[in-house]
Structure formats: structure tokens, C-alpha cells
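Working through the structure, step by step
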Amino acid sequence: MQRNIPDGPRPTDIYFFATCLVDLFCPEAGMDAIQILEREGIRVHFPENQTCCGQPAYTSGYADEARLVAAKQLDLFPEDWPVVVPSGSCAGMMFHHYPKLFAEDPVRKAQADALSGRVFELTEFLLKVLKVQFKDAGQPTKVTLHTSCSARREMGTHLHARELLGQLSGVEVLMQSHESECCGFGGTFSVRQPEISAAMAGDKADALKKTGAEVFLSADGGCLMNINGTLEKRRDSFRGQHLASFIWERTGKNNGGQA
Amino acid sequence: MTTQPLQFVPGSEFKRRAAKVVADPFLKKSFRGAMDFLMAKRAAQFPDPELLERQRTLAEHIRRYSLARMPQLLEQLEANLVKNGVKVHWAENSDEANAIILGICRQHDAKLMVKGKSMVSEEVELNHAMDAAGIDALESDMGEYIVQLAGEKPSHIIMPAIHKTKQDIAKLFAEKVPGVAYTEDVDALIQVGRDVLRKKFMDADIGLSGVNFAVAETGSLCLVENEGNGRMCTTVPDVHIAITGIEKVVEKLEHVVPLYGLLTRSATGQAITTYFNVITGPRREGEKDGPREMHLVLVDNGRSQAYADEQLRQTLQCIRCGACMNHCPVYTRIGGHAYGTTYPGPIGKIVSPHMMGLAATHVLPGASTLCGACGEVCPVKIPIPDLLIRLREEATHDAKPGHAPLVGQGAGKTTFASLAFKGFAFLYSRPALYRTFVWAATRFRFLTPGKQAGWTDSRTPLKPAAKSLRDLLAERENRGS
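Right, let's get into the pattern of salt bridges. Counting across every chain of the model gives 39 salt bridges over all chains. Where R56(B) meets E53(B), a salt bridge forms, and the shortest distance between an N and an O atom there is 3.1 Å. Highlighted residues: R56(B) and E53(B), both in helix α3 (residues 49–68), separated by three residues, approximately one helical turn. With relative accessibility at 33%, the residue E53(B) sits in the partly exposed group. With a shortest N-O distance of 3.0 Å, K164(B) and E152(B) are connected by a salt bridge. Residue K164(B) is located in the loop between α8 (142–149) and α9 (166–176), and its partner E152(B) is located in the loop between α8 and α9; the two are separated by 12 residues in the primary sequence. Shared partners join several salt bridges into a network, and the residues in it are E181(A), D203(A), K28(B), R32(B) and R333(B).

Right, dumping it as C-alpha cells:
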């Protein structure tokens, strides 16, 4: 699905929806994303009552349970500010699936539609709304990129990360084979079909490593946990990093960043 | 030739069989290679993404238009076929379809049937029924012939023997075809098949075929094929029986053109097939060839169940190109036989529950990462991931009030899963409780179990961070940053 992003004045305030995975398993990625946004002069609001987008229940066929959780998130964003999400699949849930989830509830449906229009995946927001121009402050390096399936197919944002990395003069982005193929996470799929999931994750880890990159990057917490967990189990030192952390480090953290 | 017993296997076996294939490095390499080849062939046919998008939208609209009028179109189709001299039969399920075909065979005292490729005949297990009645039903499509000779079922809807290597086939022919020596020369192998089949076309009493599109307005049956065996089956024997699902009907001939163009490009990456047959009745007076008698068997077999629901009806838009399986990372890993269904891969996961019931198939909709590759390539834009989610819901819940239950409704219900998701909803819809949970999970992270069902088979355990994002933000606030 392609998104229409209207040209308008640069927003001054945004809501940050961290996602439950980032909150609990990779908080530094959330922190780095917030700091990048703040460095761009944005006031970042973190609604304290946020929990989870409800996706695990929704994709498992438990729509009622997903609705209970999702309804709570719909109430978190009273101001008409953009909602920025550092994960393609959770952004996809809010953008793509919330309107369907509440199709039979006119009040919630209106809320879901309104929210859907202002939910942005982090890379999309940086590139298309803020139109950032990063300045590289690191040593030359080679990286490779894994884009989550939701980012690619639900948010249509798979090119944004690549474009952002293209702004970093010392970073060479290497292509892996079967680039668009799923890493095999799939939420509960990874525990329901562990053998197939392991085969997919193993192939993805192989393909990423084979590029010869120093690190692989992804803007999705689920894929990172899956591929990194697989590499660690193999006692392989190759690792993935959240794109936000990589950018924050490469652009000199608080010291610079803007071209 | 005697038909081998079928290897019909229930869906509950899925996990075991999938695991077996995944552990076989030879099969893994072979499937990967075949699917890479097919994906590249398809991609080469669609260089312009915008044009493809317009073509898919048109095809989707034609299929939706046809389905919206399906009952009337089927009546019109029947009336026009009858006018053209074709006998039309309706079969609610596999048994009825087989009984109808057996009845026709008996009327003609038939001993030998040659078959063109037909997935619906696989679906109703026609070969098995013919074998039981003492009638030889011989597959004449090369892939189907190989699969039949090996006593197997197709592993792909377009390329039934895709799981077999050249060496497998060489061995099979040397073992099963009298007077054939082992050779890995592909042309020689194809010639073996041709020699065997050529004679059978002449001897056969009945020719059986599938149908790709049934045109209501003209009463025509369109058959898409590459080998010419379809044309032989439908013209050489005295009696031609066509079998198809009721969803294959379209209103007009001109609706076939865009669908055909997308079908061949999506399936095998061909701009057009070698043969395209439009069959509008048996041999007419004065004509020198063609069957003297022609039948069409229209099969429901669960399609009405999908049809009755607006969302599930989209399943019936399918034109059976197989692109979803070629692009599916799960199919690529496990091949078609693991599914235990006539139709494997993503389309199989959404269509089989209607044909076989959810009791036998409830595992299948769950065996997907919902990566969306299938929906992305589907030429008629079936939202396969959405339908997988819907069937996951139907498999684990009773029917909603006002909705007729699906066959096998709720068969995948488990107390564990339903409690787990109730627990999920309880925790994640109570922000204060969730915060307490995150606080505890980070403080007591040393208690994280080292073994986590399924996950840690191939990964290190998931362990909460020492400090949550909330903690980090609160610390920063306190530092006055």
C-alpha cells in the first residue's frame, strides 16, 4: 500500500509509540529514535499508558482480545500530532489493520481511521515528513539491510531505510540474496512452527552474513530478535542493530547529525 | 497400467512432514532452485509495475463481477452448453462427481480413460474411484504421468512433479516402463512418455479434462495447456468429460483474455501457452473429428460455503496460477506434499478448509508468517493474508451469532491458547498493570527461563532488558536532560 504524505509545515510535536518489544527487549533502540527526533527539533511525547498494538492476538485469530488492547491505544493520542513507531509491523497494524478491526464499531472506527492517517513508521517519518539530511561522522563501513515484511508490504516503506542510509557518505549498503524474503519470525508462527521458522531464520542469517557486511540493520524489533537469536545460538559474532541506533551513532549523537 | 493407491494424508500430519523436508538439505536446495527459477521467469514478464497493477485490478474486477453473478451465470452456462449439445451434471461433493463420471464410463463400457491435467479431478480423487471400478485412468500431462507412475500426488498445481529431479525420473521410468533403459537425457525421457501415451490416446474410450474458464454467454470451455495432451484428450476419444469447480464461470469471452494473459505470465512466466483450446460442444454433423459425446461436471465440494461469506468468497477469485506457492517462503522450504491437501501453498491454506473441513485443516492457516508475498503476486488480488487470519479465527472460535458455522468450526480451539490470549488482553489493556509487569520483568530478568517452547530450539532465549524504555526515559527526566 502506498501512502500519500501531504506536504505541510514541519510538525513541532509528535507522539512516540514505542511498541512492547522495544519497551521491554530493545529499549536503547527506542531511546536512540527519540533522540534523533529531538535533535531534529521535535518535541517527543511518550504517552505513559501505551502498551502493545494488539497484533499478536489479531494475527492469531483472536480479534476480540486484539480489539480490547487496540481500543486502549486509540485513546492515547488526543492531539492531532503524528504518531511515530520504530517498527514496521506495529505501524502496519495501526495503519492497515485498525480500521478493519473496528469496522463494526462506528465510534472506534472513526478513531481508527483518524489514527491510521497519522501513523508513521520511523524511517518514513524521518525521510518523507521531516526530510532529514544526515551527515555521516563515522569511519567507512559496510552494512546490509533487512526490511520487515510489514514495512515492505503493508507500509510500503522498504526503500526509505535504504535512502536514509544513502545519506551517510561512509556507509556502503550491500545487497543480500533473496532480499525481500521473510526472516521467518511471524510472531506466534515462530513457536507454532519452530522447524520451518528456524529454516527461514537460518537462511536469512546466512544471506545477510554472506554479504560481508560488518553489521545488518533493520527497523523492526521482531526480525532483529529472531535473526540475532539465531546467530547467537550458532555462536556467530555477526549481529543486527536497530536502524535508529546505527543512525544515532553514525551521526555523532548529540554533536551533529545535520548536514 | 494400474493406478497406484493414493497417499492421502490428513492435515494433522503437517508438522511432522514439514520438519522432515526442512531437515533434508537435498530437497531444500532443489525446491529453492525451482522456485527461484519460476520467480525470475514471472518477474521478467512484468517489467512495468504500474501496468501490472492495472492488469491485476482489471482481473480482480472481472473475477469479482463473475462471482457476484455466479448463480445466474451458471444457469446461463448450462443452457448454452445444452444448446451446444453438451450434457451438464452437478456434483455437490467428490462422491457425486465420481459417481457421475463412473456412470458415463459404464454407459460406454469404458476400460481406458486418458486424462488431461485437472486439479479438480485430483481434488475429488477421481483416479482412485476409477481404479476401484476397474477402469484405467491414465494421466497424459507429463508431470501428472510421472506422479501417477510413482504412486504419488501432485506437489504443485501447475508443475505436479516439481519435487522430482531428473535422476528420480530416470530411475522411475527405468523401473516402471517396460523396455526402458536408465537415461538422464531429458529429451529421451520426454520421448518415453510420448511413446507410451500416444498409443493410449487412440485406445481410450473416454477423454477427461479440466477447464480454466467456462464462458456462460457462448457455452464454451477454455483449456490452457502446453503439451497438446489436453487437445488430444478432448478431441480423440469418442467421449469427452470435462470437470471443473463452479467458480470457474465467467460471463463473456472477452473476460477471458485479461485473465488468460495474467494466468500464464504468473504461473510459468510465459506470455502465452502453446495451446489454448476453446471447446464449444461435441462433433457436429459434417465435422471429421472431435468427440461424439461431451459432458461437463460442475463440482461444488465446499465452494458454496466460501461463497456464502462476503470475505471468504474472495477465495474463489483464484485462477489457479500457483504464483502464491512459487513465492511462498514456507512452500519453498517444505514443498507441496507436506500440506496433505490437493492444493498446497497459500491458496491451499485458504481453499482446503472449505473442501475438507477445518477439523482436518485447521493447522494450515496458522502455518504462515503472514509475510504477504502471496497477496503481492496474486494476479486477481486475493487478500490471502487477511483470509488466513480470518480462518485462524474461525478455527479457534465458535461461529459468531448470525453466521452459519463452517464445517469443522472451532476445531483448532485449545484451552491453552484461549487462556493465553485472554491473559494477553487482560494485561495489555490495563496500563498500570502492564507497567508493573514491565517493572518486574526487567528487575527479575535473571529468572528468564533458558528454554522457551519452540523459540529456543534454534535461538537463544528472549530476555528482557535490564531497564525498559520507560525506565530510561524516567532516568533522563530525573537527570533533567
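That was the structure; now back to the text.
Further remarks concern the domain arrangement of chain A. Residues and elements named next belong to chain A. We note that the domain assignment places domain 1 (13–129) and domain 2 (141–255) within chain A. Each of domain 1 and domain 2 was reduced to a C-alpha centroid, and the two centroids are 21 Å apart. Taken together, the contact pairs 28 residues of domain 1 with 26 residues of domain 2. For the pair domain 1 and domain 2, the summed buried surface comes to about 2,300 Å²; carbon and sulfur atoms form 64% of the total. Looking only at domain 1, the three residues that lose the most surface to domain 2 are R39, T123 and L127, adding up to 24% of its buried area. At the boundary of domain 1 with domain 2, the tally comes to zero salt bridges. Across the contact surface, domain 1 and domain 2 share eight residue pairs in polar contact (both at pLDDT 80 or more). The biggest single contributor to the side of domain 1 that touches domain 2 is helix α5 (residues 88–101), with eight residues. Taken together, the residues of the side of domain 1 that touches domain 2 sort by class into 13 nonpolar, nine polar and six charged.

All names here are of chain B. With respect to topology, four strands assemble into an open sheet ordered β8-β5-β6-β9, the strand pairing being mixed. Only two strands of the sheet have a single neighbouring strand rather than two, namely β8 (249–250) and β9 (275–279). Relative to β8, strand β5 (residues 213–215) runs parallel, the two being bridged by two bridges. Bridge pairing in β8 links V215 to V250.

All names here are of chain B. Pairing in this open sheet of six strands is parallel, and the strands run β1-β10-β7-β4-β2-β3 from one edge to the other. Edge strands, defined here as strands with exactly one partner in the open sheet, are β1 (86–91) and β3 (136–139). Each adjacent strand pair in this sheet contributes to an overall mean axis angle of 20°, direction not counted. With three bridges joining them, strand β2 (residues 112–115) and strand β4 (residues 206–209) adopt parallel strand pairing. Its bridge partner being in β4, K115 is matched across the sheet by L208. Where helix α4 (residues 70–83) meets the sheet, its contacts fall on β1 and β10 (293–299), and the angle it forms with β1 comes to roughly 145°.

Reading the values: rules and limits
Residues numbered from 1 in each chain as written. Chains lettered and ligands numbered in written order. Predicted model: local features only at pLDDT ≥ 70, side-chain atom pairs only at ≥ 80, totals over all residues. Heavy atoms only, no water. Salt bridge = Lys/Arg side-chain N within 4 Å of Asp/Glu carboxyl O. Helix = DSSP H or I, 4+ residues; strand = E, 2+ residues; numbered from the N terminus. Buried < 20%, exposed > 50% of the residue type's maximum accessible area, 1.4 Å probe, protein only. Domains from an automatic or database assignment. Contact = heavy atoms within 4.5 Å. Buried area = accessible area lost by both parts, 1.4 Å probe. Polar contact = N/O pair within 3.5 Å; in protein donor to acceptor, adjacent residues only side chain to side chain. Nonpolar A, V, L, I, M, F, W, Y, C, P; charged D, E, K, R; others polar. Pairing = 2+ DSSP bridges. Axes fitted to C-alpha atoms, helices over the stretch in contact; angles between N-to-C directions.

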